[in-house]
Every structure is written in C-alpha cells, then in structure tokens.
Amino acid sequence: MYRRRETRRAQLVGEITNNLRRYSVDAQQVGHAFANLHGLNPTDLQALIAVMDAEMLGDPITPGRLGEQLNLSSGSVTALIDRLERAGHIRRDRDTADRRKVLLHYADQGAALAMEFFRPLGARTDTVMDRFSEDELEVVQRFMTAMSESIRTHRDSVRAARPEPPRRPTS
C-alpha cells in the first residue's frame, strides 16, 4: 500500500486504490452532510439509499430485506422505518399481489429533498462522464460492479466473523 510501485500497472493499481478510498470518504461526507441537514443518522441514510437502489432496480425492498442489508434486528428496522416515515422520507405500501407483504418506497417529500440536495452533484457527475466514450464507460461500469461486489463480499465475511453481542437477561 505505501511501498514504491515498480511497474506502471502497480502504479495504476495504487493510484486507483487511493482514488477509490478518497472517493468513498468524500461520498460518505456528502451523505453525512445531507443526513445532518435533515436530522438523519448514518443508519437512516443507509436505509434511504437501500430503498432508492431497490426502487431503481424495479424491485422495492421489504422491511425484512432492509434489515438483512443493514444488519439490524426486526425491532430496530421497525423503529427505523417508523422514524423515516414520520419524517416524510419513505412510505409503506402493501404489495398488490400479496397484501401481507409490505414494500418500502421513497416518499415524494423525501425524494424532493434528495433531488434538491444532490442535483448539483448529479450535474458534476454528468460533466465528468461526458468526457468518456461509451466503450470507456462500459469498462468503468464493469470495474465498479466488480469492486462493489468485492467490498460487499468482504463486508459479509466480516459480519459473519463477528461474535454475537451478549444477550441481556430477560426477567
């Protein structure tokens, strides 16, 4: 990581790794700024991103899947969803095919707040991407997909290796 890179490939790998780390930290700081502005905590923000990602894929997330993704208990997920719903960020809808199933969606008010805050970043992102050809973007997309899968796999293995927290005695 902090050693001299002998080949051009090694130099590129080091530069890309450093850029990914810096991008991650900077993106996290932008997310925290949005969260602080709207009275959200980091878990709230992660939940909103999960809801948005699921909707963009056309597969709205359920409270159970949200809990799995965020590594939260069902009680914590319920409190989280209640808090985000009261604040106008998300809404619960019943699945039309299975009325027992609850789906989470971005609420109009929450989406409007996010759009207002992130619109300038979206414009900057578009400007950067306009400098790349479609072929180059396909390579970047393939790289980012593989890197995202790699970090999620590592995250899951770290979670699995963590010891369970001690349970409080019930009386």
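Residues numbered from 1 in each chain as written. Predicted model: local features only at pLDDT ≥ 70, side-chain atom pairs only at ≥ 80, totals over all residues. Heavy atoms only, no water.

1. Considerations on the overall build of the protein
Move 1: In terms of regular secondary structure, the protein is built from six helices and two strands.
Move 2: Reading the protein from its N terminus to its C terminus gives the helix and strand order α-α-α-α-β-β-α-α.
Move 3: Based on the C-alpha atoms only, the size of the protein along its principal axes is roughly 60 × 40 × 35 Å.
Move 4: Across the 171 residues in the protein, those meeting the buried criterion constitute 19%.
Move 5: Of all intrachain contacts in the protein linking residues separated by at least 6 positions in sequence, the fraction that spans at least 24 positions is 45%.
Move 6: In the protein, which carries 26 positive and 24 negative side-chain charges, the distance between the mean positions of the two groups comes to 7 Å. (Helix = DSSP H or I, 4+ residues; strand = E, 2+ residues; numbered from the N terminus. Buried < 20%, exposed > 50% of the residue type's maximum accessible area, 1.4 Å probe, protein only. Contact = heavy atoms within 4.5 Å. Lys, Arg positive; Asp, Glu negative; His and termini not counted. Charge placed at Lys NZ, Arg CZ, Asp CG, Glu CD.)

2. A few points about the nonpolar core
Move 1: Counting 20 residues, the largest nonpolar core has Ile61, Leu66, Leu84, Ile90 and Leu104 as its most contacted members.
Move 2: Secondary structure elements with two or more residues in this core: helix H1 (8-37), helix H2 (42-56), helix H3 (63-70), helix H4 (74-86) and strand E2 (102-106).
Move 3: It is H2 that contributes the most residues to this core, six residues altogether. (Core = buried A, V, L, I, M, F, W, Y, C linked by side-chain atoms within 4.5 Å.)

3. Regarding the packing of H3 against H4
Move 1: At their nearest, the axes of H3 and H4 sit 9 Å apart, and the two run at 110° to each other. Accordingly, the angle class assigned to the pair H3 and H4 is roughly perpendicular. Across the interface between the two elements, Pro63, Leu66, Gly67 and Leu70 from H3 touch Val77, Leu80 and Ile81 from H4.
Move 2: Across the contact of H3 with H4, the residue classes tally to six nonpolar, one polar and no charged. (Axes fitted to C-alpha atoms, helices over the stretch in contact; angles between N-to-C directions. Parallel < 35°, antiparallel > 145°, perpendicular 65-115°, else oblique. Nonpolar A, V, L, I, M, F, W, Y, C, P; charged D, E, K, R; others polar.)

4. Focus: a negative patch on the surface
Move 1: A cluster of acidic residues, Glu134, Asp135, Glu136 and Glu138, forms a negative patch on the protein surface.
Move 2: With respect to the helices, strands and loops of the structure, aspartate 135 is situated in helix H6 (residues 134-161). (Patch = residues over 30% accessible without salt bridge, like charges linked within 9 Å, V, L, I, M, F, W, Y side chains within 5 Å. Areas by Shrake-Rupley, 256 points an atom, 1.4 Å probe, with all protein chains shown as cover. Salt bridge = Lys/Arg side-chain N within 4 Å of Asp/Glu carboxyl O.)

5. Description of H4
In an α-helix, one turn spans 3.6 residues; hence positions three or four apart end up facing the same way.
Move 1: End to end, H4 covers 18 Å across 13 residues, agreeing with the expected 18 Å (1.5 Å per residue, within 8%).
Move 2: Listed in full, the buried residues belonging to H4 are Val77, Leu80, Ile81 and Leu84. One side of H4 holds all its buried residues, which, seen down the axis, span an arc of 95°.
Move 3: Elements that come into contact with the buried residues of H4 comprise H2, H3, strand E1 (90-94) and E2. (Expected span 1.5 Å × (residues − 1). Arc of directions from axis to C-beta.)

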